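The primary structure of each chain is shown beneath.
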Amino acid sequence: METVSSVATSLLPLTTAGNLLPMSDVLWMVIIGFIISFILSIALGANDVANSFGTSVGAKVLTLYQALFLATIFESLGAVLLGSKVAQTIQKGIFNPDMYVGMEETLLAGEIAALAACAVWLFIATALKMPVSTTHSIVGAMLGFHLVIFQFEGVEWKEIGFIVLSWVTSPVLSGLCSTAIYIIMRYFILTKKEPLEPGLRSLPIWYSLVVIVNFFSIFYDGPEGLGFDLIPLWAVFVISFGSGFVTGLLVWFLVVPHVRRKITAGAQVAAHDENQSIMKKNVAYYSHDDTSLLQASQEMATEDREEDVCNECDSTEPIKGEVKRDEARGRNMEERQTEQSATRENKNSETDDDHPHVRALCSPLQILSAVFAGFAHGGNDVSNAIGPLVSIWLIFQSGNAAQEDPIPLWILFYGATGISLGLWALGRRVIQTVGEDITKLTPSSGFSIELGAAMMVLLASNVGIPISTTHCKIGSVVFVGLVRDRRTVNWSLCGGIVLAWVVTLPVTAGISAAFMALLRLAV
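Read on for an overview of the structure. Numbers given to residues run from 1 along each chain, matching the order in which its sequence is written. Since the coordinates come from a predicted model, pLDDT governs what is reported: local features require at least 70, and pairs of side-chain atoms require 80 or more to be given and counted, while whole-chain, interface and lining totals use all residues. Side-chain numbers here rest on the full set of heavy atoms in the structure, without hydrogens or water.

### With respect to the packing of helix α4 (residues 104-127) against helix α16 (residues 491-522)
Here is step 1 of the chain: At a minimum axis separation of 8 Å, α4 and α16 run at an interaxial angle of 140°. When the interaxial angle is binned, α4 and α16 end up oblique. Crossing angle aside, the handedness with which α4 passes α16 is right-handed. For the pair formed by α4 and α16, the contact residues are Thr106, Ala109, Gly110, Ile112, Ala113, Ala114, Ala116, Ala117, Val120 and Trp121 on the first element and Ala500, Val503, Thr504, Val507, Thr508, Ile511, Ser512, Phe515, Met516 and Leu519 on the second. What counts as an axis is a line fitted to C-alpha atoms, over the stretch in contact for a helix, and the angles between N-to-C directions run from 0 to 180 degrees. A run of H or I in DSSP counts as a helix once it spans at least four residues, and a run of E counts as a strand once it spans at least two, with each numbered from the N terminus. Roughly parallel here means an angle under 35 degrees, roughly antiparallel means over 145, roughly perpendicular means 65 to 115, and every remaining angle is called oblique. What makes a crossing left-handed is the near helix being turned counterclockwise from the far one by less than a right angle; a clockwise turn instead makes it right-handed. Note on contacts: a residue pair is in contact if any heavy atoms of the two residues lie within 4.5 Å.

Structure follows, in structure tokens:
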């Protein structure tokens, strides 16, 4: 195997070894890097929007355009507030960038190859409506161009190992977390004959939990550009849990009474409307001849004739026909009510197994958890689009591959803008796969899925591990689907998604290696 020095010598036409690289010579590469990174951000937004808002759309809690609007706001906030941590892992954690000191032009070409390879694969996956891991994609692409230059030297195998481990554990842990939330909700709320009051009592807990986890993720070792990294740990706990406690009090004293009045009033109106509907149907029924009524009338006429012929009949016989008519009416009414009840039950079983009160309680919670998920997604996955771009920019700024400067916030904004554009342009394709095609979703199950998955993603973002949000969300969807009704899970689609996950890393590594070979020839 060639040594690092021999490889560097063979690449001298691409570098000015021993001196800082004249940046004016590679300005065109920087410009191309920014363009391709923006295209990658669009592809990332198109494929990964389903991870944050697909379940809300699938459960009919949000319309597509409402979801896209909220995603635009909170994806951007998450990218700016949390994105710098994982971007540093993508930027430095795959291999040692110091190996490229004196070979800056080669590193720039490699970063461009990685961006292009990742964008190509994500557009292909989006066209196939397959939710793939953008983390897999960018890690494979970064590894692919590095292997062309240094083979296996300098690869941070420990970091790669943690990332690979997270690919296996993230869907399982996220699924277990979401399942635990759903089981708790089912035991204390969903299975109750009257779930309104238990649900109302639990609202402050759920809202507080969302606020605590979000605030802790933002302020604990937050981005240097906003000064959050200077906040001591005890202050982070005070801010997070204090905000959660205040939120719980506000929900208990303001939100809960309002929701109780709204749901109670709505239930009374619905009951009144249903009674009016039944009365109208009964009036319409009695105002028209019916087969049963006709038959009863004929029987009554027959009995009347028999009464005229036979005077020895009992005195109660004349009302026999009227009794039969009443019996026919009652029997027909019971049949109609049974049919209406069966129709309602079938409709509920096909579309939504949540009690109307549960739907009213969980819909706002699912919107909040979707915002939570969008925030987490922006914090974790913006790094996949701008990690290589950060490397390109810092090399351009400093003139060498030693990258120690903090990540500029404007680059995080740049990546978030591309993600938002991708959401609006192509996001609806993968939304259908995650929100509707894998399993049936309801507000209660959707809330459990989003909250559990987002908790895992936010935890990973703060640790600095680029966990796959796709794996987390799909794992949660499948696990909760199994708990609800395993027959509703589309196993053939799940198999296709897993296959797409498996091939993502080698495919992006291969595409990146091919692009790198072409760029070396071009340069």
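### Some words on helix α6 (residues 157-190)
Here is step 1 of the chain: One less than the residue count of a helix, multiplied by 1.5 Å, gives the span that helix is expected to have. Between the first and last C-alpha of α6 there are 46 Å, a value that for 34 residues agrees with the 50 Å anticipated at 1.5 Å per step.
Here is step 2 of the chain: We define the bend at any residue as the angle between the axes fitted to the seven residues before and including it, ending there, and the seven starting there. The sharpest bend along α6 reaches about 40° and sits at threonine 169, with the proline proline 171 one to four residues further on.

### Some words on unusual backbone geometry
Here is step 1 of the chain: Of note, the phi angle at lysine 129 is positive, near 60°, even though the residue is not glycine.
Here is step 2 of the chain: With respect to the helices, strands and loops of the structure, lysine 129 is situated in the loop between α4 and α5 (134-150).
Here is step 3 of the chain: Classification of residues uses two cut-offs on accessible area relative to the type maximum, computed with a 1.4 Å probe and protein chains only: under 20% is buried, over 50% is exposed, and between them is partly exposed. Lysine 129 sits in the partly exposed class, given a relative accessible area of 24%.
Here is step 4 of the chain: One non-glycine residue, glutamine 151, lies in the positive phi region at around 55°.
Here is step 5 of the chain: By secondary structure assignment, the location of glutamine 151 is in the loop between α5 and α6.

### Describing the environment of isoleucine 419
Here is step 1 of the chain: Counting through the fold element by element, isoleucine 419 comes out in helix α12 (residues 409-426).
Here is step 2 of the chain: Remark: the alpha-carbon pair of isoleucine 419 and leucine 44, spanning 375 residues in sequence, is separated by 6.2 Å.
Here is step 3 of the chain: Isoleucine 419 has contacts with Ser41, Ile42, Leu44, Gly45, Glu75 and Val382, leaving out every residue within four places of it along the chain.

### Describing helix α7 (residues 196-219)
Here is step 1 of the chain: With 24 residues, α7 ought to run about 34 Å at 1.5 Å a step, and its terminal C-alpha atoms sit 35 Å apart, in line with that.
Here is step 2 of the chain: The largest bend in α7 is about 35°, located at serine 202, with the proline proline 204 one to four residues further on.
Here is step 3 of the chain: Burial runs high along α7: 18 of the 24 residues are buried.

### Some words on the packing of aromatic side chains
Here is step 1 of the chain: Within 6.5 Å between ring centres, the rings of Phe, Tyr and Trp (the latter by its six-membered ring) count as paired, and their orientation is classed by plane angle as stacked under 30 degrees, edge-to-face over 60, tilted in between. Counted by the stated rule, this structure contains eleven aromatic pairs.
Here is step 2 of the chain: Between phenylalanine 34 and tryptophan 393, the aromatic rings sit 5.9 Å apart at their centres with planes inclined by 90°, giving edge-to-face as the arrangement. Of this pair, phenylalanine 34 sits in helix α2 (residues 27-58) while tryptophan 393 sits in helix α11 (residues 356-398), placing them 359 residues apart in sequence. You'll find phenylalanine 34 and tryptophan 393 in the same group, each marked buried.
Here is step 3 of the chain: The interplanar angle of 45° and the centroid separation of 5.4 Å between the aromatic rings of phenylalanine 38 and tyrosine 414 together place this pair among those described as tilted. Pair noted here: phenylalanine 38 is in helix α2 and tyrosine 414 is in helix α12, with a separation of 376 residues, a long-range link.
Here is step 4 of the chain: Counting every residue linked through ring pairs, the aromatic cluster contains Phe34, Phe38, Trp393, Trp410 and Tyr414.

### Thoughts on the side chain of serine 202
Here is step 1 of the chain: Among the structural elements, serine 202 can be located in helix α7.
Here is step 2 of the chain: We classify serine 202 as buried; its relative accessible area is 12%.
Here is step 3 of the chain: The definition of a polar contact used here is a pair of N or O atoms within 3.5 Å, where within protein one atom must be able to donate a hydrogen and the other to accept one, and adjacent residues in sequence count solely through side-chain atom pairs. Side-chain polar atoms of serine 202 contact the backbone oxygen of glycine 199, separated by 2.8 Å.

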